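# Breakdown of the fold
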Amino acid sequence: MKKLQSLFLGIFAIILILFLGVRQLEKASGMAGADTLTIYNWGDYIDPALIKKFEKESGYKVNYETFDSNEAMFTKIQQGGTAYDITIPSEYMIQKMMKKNMLLPIDHKKLTGLNNIDERFLNLDFDPQNKYSIPYFWGTLGIIYNDKFIDEDQMKHWDDLFRPELKDNVMLIDGAREVMGLSLNSLGYSLNSKNDQQLRQATDKLNTLTSNVKAIVADEIKMYMINEESAAAVTFSGEASEMLDGNEHLHYVIPSEGSNLWFDNIVIPKTAKNIQGSYDFINFMLKPENAAQNAEYIGYSTPNKAAKKLLPKEISSDEQFYPSDEVIKHLEVYKDLGAEYLGIYNDLFLEFKMYRK
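Residues numbered from 1 in each chain as written. Predicted model: local features only at pLDDT ≥ 70, side-chain atom pairs only at ≥ 80, totals over all residues. Heavy atoms only, no water.

The next subject is the overall build of the protein. Check the secondary structure of the protein and you find 14 helices and 9 strands. Taken over the C-alpha atoms alone, the protein extends approximately 95 × 45 × 40 Å along its principal axes. Expressed as a percentage of its 357 residues, the buried residues of the protein come to 52%. Long-range pairs, those at least 24 residues apart, make up 75% of the contacts in the protein with a sequence separation of at least 6. Carbon together with sulfur atoms contributes 53% to the accessible area of the protein, which is approximately 17,100 Å² in total. With 38 positive and 51 negative side-chain charges, the protein shows a spacing of 9 Å between the two charge centroids. (Helix = DSSP H or I, 4+ residues; strand = E, 2+ residues; numbered from the N terminus. Buried < 20%, exposed > 50% of the residue type's maximum accessible area, 1.4 Å probe, protein only. Contact = heavy atoms within 4.5 Å. Areas by Shrake-Rupley, 256 points an atom, 1.4 Å probe, with all protein chains shown as cover. Lys, Arg positive; Asp, Glu negative; His and termini not counted. Charge placed at Lys NZ, Arg CZ, Asp CG, Glu CD.)

By volume, the largest pocket is sized at about 1,100 Å³. The set of elements that each furnish at least two residues to the lining of the largest pocket consists of α3 (70-79), α4 (91-99), α5 (176-186), α7 (220-226), β7 (232-236), α8 (237-246), β9 (261-266) and α14 (338-356). Tallied by class, residues from the lining of the largest pocket come to 15 nonpolar, 8 polar and 12 charged. (1 Å grid on protein atoms, 1.4 Å probe; cavity = no way out; pocket = protein on both sides within 12 Å on 5 of 7 lines; lining within 4 Å. Points joined across faces, edges and corners; volume = space filled by probe spheres on them. Nonpolar A, V, L, I, M, F, W, Y, C, P; charged D, E, K, R; others polar.)

Moving on: the sheet that holds strand β1 (residues 36-42). Two modes of strand pairing occur in sheets, parallel and antiparallel, and in both the strands are linked by backbone hydrogen bonds. The sheet built from 3 strands is open, its strands ordered β2-β1-β3 with parallel pairing. In this open sheet, the two edge strands, each paired with only one partner strand, are β2 (61-67) and β3 (86-87). Sheet analysis places β1 next to β3, joined by 2 bridges and oriented parallel. Across the sheet, residue I39 finds its bridge partner in β3, namely I86. (Pairing = 2+ DSSP bridges.)

Let's shift gears to the environment of T82. In this fold, T82 is placed in the loop between α3 and β3. As for T82 and I226, which are separated by 144 residues in sequence, their C-alpha atoms are 37 Å apart.

Right, let's get into the packing of aromatic side chains. Under the defined criterion, the tally for this structure stands at 20 aromatic pairs. Seen in terms of ring centroids, Y40 and F67 are 4.9 Å apart; in terms of plane orientation they differ by 70°. Their pairing is edge-to-face. Residue Y40 is found in strand β1, and its partner F67 is found in strand β2; the two are separated by 27 residues along the sequence. F67 matches Y40 in its accessibility class, with the two residues each being buried. Here a set of aromatic residues connected by ring pairs shows up, and it is made of Y45, Y136, F137, F236, W262 and Y300. When the ring centre of Y92 is taken as reference, the NZ or CZ atom of R177 above it lies at 5.7 Å. (Phe/Tyr/Trp six-rings, centres within 6.5 Å; stacked < 30°, edge-to-face > 60°. Lys NZ or Arg CZ within 6 Å of the ring centre and 35° of its normal.)

All right, on to the packing of helix α2 (residues 48-58) against helix α10 (residues 288-298) then. Two numbers describe how α2 lies on α10: the axes approach to 9 Å, and their chain directions differ by 155°. What the angle tells us is that α2 and α10 run roughly antiparallel. In this structure, α2 uses P48, A49, L50 and K53 to contact α10, whose residues at the interface are E289, N290, Q293, N294 and Y297. Looking at the contact of α2 with α10 residue by residue, the classes come out as 4 nonpolar, 3 polar and 2 charged. (Axes fitted to C-alpha atoms, helices over the stretch in contact; angles between N-to-C directions. Parallel < 35°, antiparallel > 145°, perpendicular 65-115°, else oblique.)

β1 sits mainly inside the fold: 7 of its 7 residues count as buried. Note that β1 and β2 share 7 bridges and pair parallel. By the bridge assignment for β2, W42 is matched with F67. In this region the chain leaves β1, passes through α2 and returns to the parallel neighbour β2; the handedness of that crossover is right-handed. (Right-handed = clockwise from strand over helix to strand, strands pointing away.)

What follows is about the nonpolar core. In this structure, Y45, M155, L161, L172, F281 and I282 are the most contacted members of the largest nonpolar core, which totals 109 residues. Apart from the residues lying within four places of it in its own chain, the contact partners of L161 are I143, M155, L166, V170, L209, N212, A232 and V234. (Core = buried A, V, L, I, M, F, W, Y, C linked by side-chain atoms within 4.5 Å.)

Taken as a whole and assessed by the stated rule, the structure comprises 2 cavities of 30 Å³ or more. Taken together, 14 residues line the largest cavity, and the ones lying closest to its centre are P135, Y136, M285, A291 and T302. Of all the elements in the fold, those that place two or more residues in the lining of the largest cavity are β4 (134-146), α9 (275-286) and α10. If one sorts the elements of the lining of the largest cavity by residue count, β4 sits on top with 4 residues. When grouped by side-chain class, the residues that make up the lining of the largest cavity number 11 nonpolar, 3 polar and no charged. In terms of lining residues, the second largest cavity is bounded by E71, Y92, M93, K96, R177, K335, D336, L337, G338 and L342. Here the lining of the second largest cavity is composed, by residue class, of 4 nonpolar, 1 polar and 5 charged.

Attention now moves to the packing of α5 against helix α6 (residues 196-207). When two helices pack together, you describe them by how their axes are tilted relative to each other and by the distance separating the axes. For the pair α5 and α6, interaxial distance at closest approach is 9 Å and the crossing angle is 100°. It follows from the interaxial angle that α5 and α6 lie roughly perpendicular. Along its contact with α5, which presents V179, M180, S183, L184 and S186, the element α6 presents Q198, L199, A202, T203, K205 and L206. Along the lines of polarity and charge, the residues of the contact of α5 with α6 split into 6 nonpolar, 4 polar and 1 charged.

Quick look at a negative patch on the surface now. Together, D147, D151, E152, D153 and E248 make up a region of like negative charge exposed at the surface. Within the element layout of this structure, D153 appears in the loop between β4 and β5 (170-173). (Patch = residues over 30% accessible without salt bridge, like charges linked within 9 Å, V, L, I, M, F, W, Y side chains within 5 Å. Salt bridge = Lys/Arg side-chain N within 4 Å of Asp/Glu carboxyl O.)

Structure representation (structure tokens):
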């Protein structure tokens, strides 16, 4: 009898170990089900205190992973493996994910607080009726400069970056769409151009900028500009906001001839396991007090009009980061170029980078 009991206890122990192992694997792969919410977001793109607040209020355990590009995010979700419940792509990538049938439609009946979003940021071309996405942050691409080296009236246009006196003193963001786009805009062309002659002209013009380019980097721009190691840089508005906080001599400008207006939205991947948790998180972020806290922490512009009213006046009234409708109408949203022209942009950008060497 004792042997039989020992056998049953041994079998039970094995089953328990296997069960716990499976649970551990599920957690590691973001598949812990109803008790866990797995979020895939850009690096440093939410106030960590909000994650803790959401966990406390909802009872969910949040698995939080980050990516550094839309393309990296797309590839990982397409490959599967991790069942992300929430991710936050940019507008052109949302288009691509919709075309690839990678997103779940949003059930607006499950949303509370969508009326807090500014109507200007709803029902946009990349997602009509917001069928698949909910606005998270928005912003612009522009130029940040140091008034110790550059006067205000000398930095208003993309062409100002090409001035000879800025030799070895300009930082560029490491992005094909951004750098090709600024050159296209400076020539009066769309930053979504699929005209081969225009793209060739844009690349040829970029090649004349090479003597001014100190480096082509990403997050390092913040350090360089705050430490006054460069006179000017091309960067995103939220990154610029952080730099302005670190150095009073820095200023951000949106070139008057046009630039990129971008939107990052919350979506639910089709492979999501915790659908209810996804809606709970979206509704949590739609609350004005949470959206305002996030905007103040991150520095990017909130599309939540109720949240904007809660921000300090010096933030909400700053037209560098909340530009007027007059400025916005000169801006363009990136479109999904398709594989062929995305490859062409990347190849031309690589050509420019190699030309520098």
